[in-house]
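Coordinate analysis (summary)
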Amino acid sequence: MPGAASGVAVGAVVAPKRHLQTVIKALDERQWRKKRTKVHEYDCEHLAVAVAPEGARALDAFGSDAESLVPAPLAALLRDGAVRWATGHRHVSAAAAPSPAAAAAAAASPAPPPRFRYAELFAGVGGFRLALDGLGGRCVFASEIDPCAAATYERNFGDAPLGDITEVPDEDLPAHDLLTAGFPCQSFSRSGEQRGLGDARGDLFFEIVRVASRCRPAALLLENVPNLLRVDNGHALHIIVHALTRAGYHCRLQLANAAALVPQHRERLYLAAFRDAAAAAAFRWPSLPAARGAAHRALGSGTVGGGDGDAQWG
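Report follows, based on the coordinates.

Parameters at a glance
- Residues numbered from 1 in each chain as written.
- Predicted model: local features only at pLDDT ≥ 70, side-chain atom pairs only at ≥ 80, totals over all residues.
- Heavy atoms only, no water.
- Buried < 20%, exposed > 50% of the residue type's maximum accessible area, 1.4 Å probe, protein only.
- Helix = DSSP H or I, 4+ residues; strand = E, 2+ residues; numbered from the N terminus.
- Contact = heavy atoms within 4.5 Å.
- Salt bridge = Lys/Arg side-chain N within 4 Å of Asp/Glu carboxyl O.
- Phe/Tyr/Trp six-rings, centres within 6.5 Å; stacked < 30°, edge-to-face > 60°.
- Lys NZ or Arg CZ within 6 Å of the ring centre and 35° of its normal.
- Axes fitted to C-alpha atoms, helices over the stretch in contact; angles between N-to-C directions.
- Parallel < 35°, antiparallel > 145°, perpendicular 65-115°, else oblique.
- 1 Å grid on protein atoms, 1.4 Å probe; cavity = no way out; pocket = protein on both sides within 12 Å on 5 of 7 lines; lining within 4 Å.
- Points joined across faces, edges and corners; volume = space filled by probe spheres on them.
- Pairing = 2+ DSSP bridges.
- Patch = residues over 30% accessible without salt bridge, like charges linked within 9 Å, V, L, I, M, F, W, Y side chains within 5 Å.
- Areas by Shrake-Rupley, 256 points an atom, 1.4 Å probe, with all protein chains shown as cover.

**Let's talk about helix 2 (residues 53–60)**
- If you check which residues of helix 2 are buried, you get Pro-53, Gly-55, Ala-56, Ala-58 and Leu-59.
- Tucked inside the fold, the buried residues of helix 2 contact strand 1 (11–15), strand 3 (47–51), helix 3 (72–80) and strand 4 (84–87).

**Brief notes about the pattern of salt bridges**
- Summed over all chains, the structure comprises ten salt bridges.
- A salt bridge links Arg-129 to Asp-133, with the shortest nitrogen-to-oxygen separation between them at 3.2 Å. Of this pair, Arg-129 and Asp-133 both sit in helix 5 (residues 127–134), four residues apart, which is roughly one turn of that helix.
- Looking at Arg-129, the relative accessible area reads 8%, which means it is buried.
- Looking at Asp-133, the relative accessible area reads 31%, which means it is partly exposed.
- The shortest N-O distance in the salt bridge between Asp-159 and Arg-129 comes to 2.8 Å. Highlighted residues: Asp-159 in the loop between helix 6 (147–157) and strand 7 (178–181) and Arg-129 in helix 5, separated in sequence by 30 residues. For the pair Asp-159 and Arg-129, one class covers both residues: buried.
- Taken together, the shared-partner salt bridges connect Arg-90, Asp-170, Glu-207 and Arg-210 into one network.

**As for the environment of Arg-155**
- Note that Arg-155 resides in helix 6.
- Linking Arg-155 and Val-125, residues 30 residues apart in sequence, is a C-alpha distance of 9.1 Å.

**Some points on the packing of aromatic side chains**
- Using the criterion set out here, one finds six aromatic pairs in the structure.
- Taking 4.9 Å as the distance between ring centres and 80° as the angle between the ring planes, the aromatic pair formed by Phe-283 and Trp-285 counts as edge-to-face.
- Aromatic rings pair up to connect Phe-183, Phe-205 and Phe-206 into one cluster.
- Over the face of the ring belonging to Tyr-249 we find Arg-275, whose NZ or CZ atom lies 4.8 Å from the ring centre.

**Section: the packing of helix 7 (residues 205–215) against helix 8 (residues 235–246)**
- It is at 10 Å that the axes of helix 7 and helix 8 come closest, and there the two elements cross at 10°. By the criterion of interaxial angle, the relationship of helix 7 to helix 8 is roughly parallel. Listed contacts from helix 8 to Phe-205, Phe-206 and Val-209 of helix 7 are Ile-239, Ile-240, Ala-243 and Leu-244.

**With respect to empty space enclosed by the protein**
- On inspection of all chains with the given rule, the structure shows one cavity of 30 Å³ or more.
- If you add up the space inside the largest cavity, you get close to 50 Å³.
- Together, Phe-183, Leu-222, Glu-223, Asn-224, Leu-228, Leu-237, Ile-240, Leu-253, Leu-269 and Leu-271 line the largest cavity.
- Mapped onto the lining of the largest cavity, the elements with two or more residues apiece are strand 8 (219–224), helix 8 and strand 10 (267–274).

**What about the pairing of strand 1?**
- Within strand 1, five of the five residues are buried, leaving the element largely enclosed by the surrounding structure.
- On strand 1, burial covers both faces: Gly-11, Val-13 and Ala-15 on one face and Ala-12 and Val-14 on the other are all buried.
- Note: strand 1 against strand 3, five bridges, orientation antiparallel. Within the sheet, the bridge partner assigned to Ala-12 lies in strand 3 and is Ala-50.
- Pairing of strand 1 with strand 4, which is carried by four bridges, proceeds in the antiparallel orientation. Looking at the pairing, Val-13 lines up with Trp-85 of strand 4.

**Observations concerning a nonpolar patch on the surface**
- The grouping of Leu-261, Val-262 and Leu-288 at the surface amounts to a nonpolar patch, some 240 Å² of accessible area in total.
- On the secondary structure map, Leu-261 appears in the loop between strand 9 (250–257) and strand 10.

Pasting the structure below:
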């Protein structure tokens, strides 16, 4: 699992303006261009076009067997040196800031010092934040790529989350005590193709590893669908636990059904990870009134991760 702490493959094609349209057309041919990330200035003579992870992997391997995957017009420009591949380049246009109304309210009534600071990736409309603010936490960073979810998040909390987490450089990640993430579930869900971490969306899990490795929060709280247990015969979960273990965390896992709290069957897999082994050992999951079925109780026993990690159930 080389490079897990670096996150997903990222980068940009750097080109002078005269070659920009050729680059864009070639990237669009493979659906490699990040259309939500604007073409931006790289230096005084060049512009940068952000590339999606699947394209970044192919361009990282340019010159090897993967060269045939690169569209011919782009490959020709790369060989001639007319454009270049900037691997690892991340770009974010501006830091998230509170709305004017939220800033005014904060100035009028300063908040007390927080009990802890947290960051949330794949934030959605702010479910984790709703709970953590109520516990005395303060959100110092949030990322959500979907514009509708991000707009709802801003209306809920007064802060606009940053967009694509893969475009946020390491140096822009603030220190925090807790990292939360409901990372994309489409590649793990039974309703999808179940490609696991081999899918571009499932691969985004490694952005959690990047942020955790960079900021070293004391704890992580992650959420996904129960079928993550079964995808690729459990190998996807093994890789996730192993990556977090290598990043210095001790993992605990639990299936929980929110049917006792909301009017629907809402079962999810939760993963709590701690840098301190004693904290992991002392951690206890909350008890919900609705008991799990026998099949799920059987899944919820034992350990996950083989000899490479110490993920424990319950």
